[in-house]
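Close look at the chain arrangement
Next come the chains, spelled out residue by residue.
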Amino acid sequence: MLKTLESAVPVACWSCSVAHNDSTLFCPHCSKIQPPTGGDYFSAFGMKPHLNIDTDALEREFHRLSRRLHPDRFARASENEKEWSLADTALLNDAYRTLKDPLRRTEYLLKLNGAEIGEEHAGKDRKDTSRAPADLLEEVFELNMQLEEMRMARKMGEDDPALHQSLTEAKKKFDGLLEEVDQNLRAQWNTWDAGDEAARQGAQKTMVALLDRRRYLSNLLRDVNETLGA
Amino acid sequence: MAYSDKVVDHYNNPRNVGTLDKSAQEVGTGLVGAPECGDVMRLQIRVNPETQVIEEAKFKTFGCGSAIASSSLATEWIQGRTVEDALAIKNTDIVKELSLPPVKIHCSVLAEDAIRAAIGDWKKKNGVAETAPAAATSAH
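The biggest cluster of nonpolar side chains holds 74 residues, and the ones touching the most others in it are B:Met41, B:Ile45, B:Leu110, B:Ala114 and B:Ile115. For this core, the element with the highest residue contribution is helix 5 (residues 105-125) of chain B, accounting for 11 residues. The residue makeup of this core includes at least three contributed by each of domain 1 (5-100) and domain 2 (129-228) of chain A. Not counting the four nearest positions on each side in its chain, B:Ala114 is found in contact with B:Gly30, B:Val32, B:Met41, B:Leu43, B:Ser71 and B:Ala74.

In structure tokens, the structure reads:
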């Protein structure tokens, strides 16, 4: 269950009783390890929930916190602290993997903000076919036809250079479309990070649509690459 | 998750796979897609201009077994029906017939959309007014 994007609730440190932000892994006052009470991934790193982040700083902080959580440091600690160090390490690893990847970071933050992305809305009974990349349907269908033809030819032990050529051209085109989506996503990041609630809602809607389109394109490209590389 | 026998049957022996001449006056083409799973479905109909009966339906679907079965069943059902009768087919009918699980309902939605798109294309080509807006916009 994902937390929502709300400011962290202060909790008291189990050791020194000084209140701190609930997603801090170590008490800022007495430096004792804290149980993972589950703030969002950004606050685990002391970062603002933004899409533009300093990934170098993220990596440095990940290494620093990983060292502080190393089991060797808890060899003589209480059972609770040992357990927390493992749980915190798991949380930190998940958080790092999610935040360092631009796409996963975007999906994560949008989900935190209540967006439904990808498979989550796929099974729903809905009328919203506007999500389909209607502008690409013709090309997508054509491409699928060519892929099928190519696989058939391969099965028969034949190679059709013309088909190979046209698939390679299609791949180039779809690679370009993917790149375009990524550029558009990054442009929305800035709107999100700088914007007020209203601007964020708009950016969020746009990004959810872009992520859908991206998923569609990358699935297709995976098929093309598999067929070309086979 | 196991596919129902009917899905497997349509998947192994899809009815009416093929292509109709897209440029022909009496042919309507519907092309629809679902971005989540990457399915694309093309459904074509050839309509008798006198009787408005769908005399032939063909499909080609790239997608999962349920998407193929849904469109195969759709072509089977609309052949021999008038255009207006074909519009009465609901995705829930397809779900029921094929025993589709909830995660595959969108395949049946796609098939219904494909029928509507093909008929819409045929109507546009032949200057037939969009009748029965209630049926065309009703929720799935």
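Further notes follow.
By domain assignment, chain A separates into domain 1 (5-100) and domain 2 (129-228). Domain 1 of chain A and domain 2 of chain A are separated by 38 Å when their C-alpha centres are compared.

For the rest of this paragraph, the subject is the environment of A:Leu110. Residue and element names in this part refer to chain A. Residue placement: Leu110 occurs in helix 4 (residues 102-112). You can call Leu110 buried: it has 21 C-beta atoms within 10 Å. With 91 residues separating them in the primary sequence, Leu110 and Gln201 have C-alpha atoms 9.8 Å apart. Contacts of Leu110, omitting those with residues within four sequence positions, involve Ala115, Ile117, Gln204, Met207 and Val208.

Another aspect to go through is the confidence of the model for chain B. A residue-level look at chain B finds 89% of positions with pLDDT of 70 or above and a mean pLDDT of 89. Interface scoring of the predicted complex returns ipTM 0.80; its pTM is 0.72.

Once that is clear, we can look at the packing of helix 4 of chain A against helix 8 (residues 197-229) of chain A. Each packed pair of helices is defined by two parameters, the angle between the axes and the distance between the axes. All names here are of chain A. Their axes nearest at 11 Å, the elements helix 4 and helix 8 cross at an angle of 135°. Judged by the angle between their axes, helix 4 and helix 8 are oblique. Here the hand of the crossing between helix 4 and helix 8 comes out left-handed. Touching Thr106, Glu107 and Leu110 of helix 4 are Gln204, Met207, Val208 and Leu211, all from helix 8.

Moving on: the sheet that holds strand 3 (residues 54-62) of chain B. Residues and elements named next belong to chain B. The three strands lie next to each other as 1-2-3, forming an open sheet whose pairing is antiparallel. Bordering the open sheet on either side are strand 1 (27-34) and strand 3, each of which pairs with just one other strand. On average, each strand axis in the sheet is tilted by 15° relative to the strand beside it, whichever way the strands run. Both strand 1 and strand 2 (residues 39-47) contribute to a ladder of eight bridges, which runs antiparallel.

Attention now goes to the packing of helix 6 (residues 137-155) of chain A against helix 8 of chain A. All names here are of chain A. Between helix 6 and helix 8, the least distance of the axes is 10 Å, while the angle of their chain directions is 25°. What the angle tells us is that helix 6 and helix 8 run roughly parallel. The interaxial crossing formed by helix 6 with helix 8 has left-handed handedness. Packed against helix 6, whose contacting residues are Val140, Leu143, Leu147, Met150 and Arg151, the element helix 8 presents Leu220, Asp223, Val224 and Thr227 at the interface. Taken together, the residues of the contact of helix 6 with helix 8 break down into six nonpolar, one polar and two charged.

All names here are of chain B. Burial analysis of strand 3 places seven of its nine residues in the buried class, the great majority of the element. With eight bridges joining them, strand 2 and strand 3 adopt antiparallel strand pairing. For Arg42, the partnering residue across the bridge sits in strand 3 and is Lys60. If you look at the hairpin formed by strand 2 and strand 3, you'll find six residues sitting between the two strands, and Gln52 has a positive phi there, around 60°.

Cut-off values and rules
Residues numbered from 1 in each chain as written. Chains lettered and ligands numbered in written order. Predicted model: local features only at pLDDT ≥ 70, side-chain atom pairs only at ≥ 80, totals over all residues. Core = buried A, V, L, I, M, F, W, Y, C linked by C-beta atoms within 7 Å. Buried ≥ 20, exposed ≤ 12 C-beta atoms within 10 Å, placed from the backbone. Helix = DSSP H or I, 4+ residues; strand = E, 2+ residues; numbered from the N terminus. Domains from an automatic or database assignment. Contact = placed C-beta atoms within 7 Å. pLDDT = per-residue confidence, 0-100. Axes fitted to C-alpha atoms, helices over the stretch in contact; angles between N-to-C directions. Parallel < 35°, antiparallel > 145°, perpendicular 65-115°, else oblique. Left-handed = near helix turned anticlockwise from the far one by under 90°. Pairing = 2+ DSSP bridges. Nonpolar A, V, L, I, M, F, W, Y, C, P; charged D, E, K, R; others polar.

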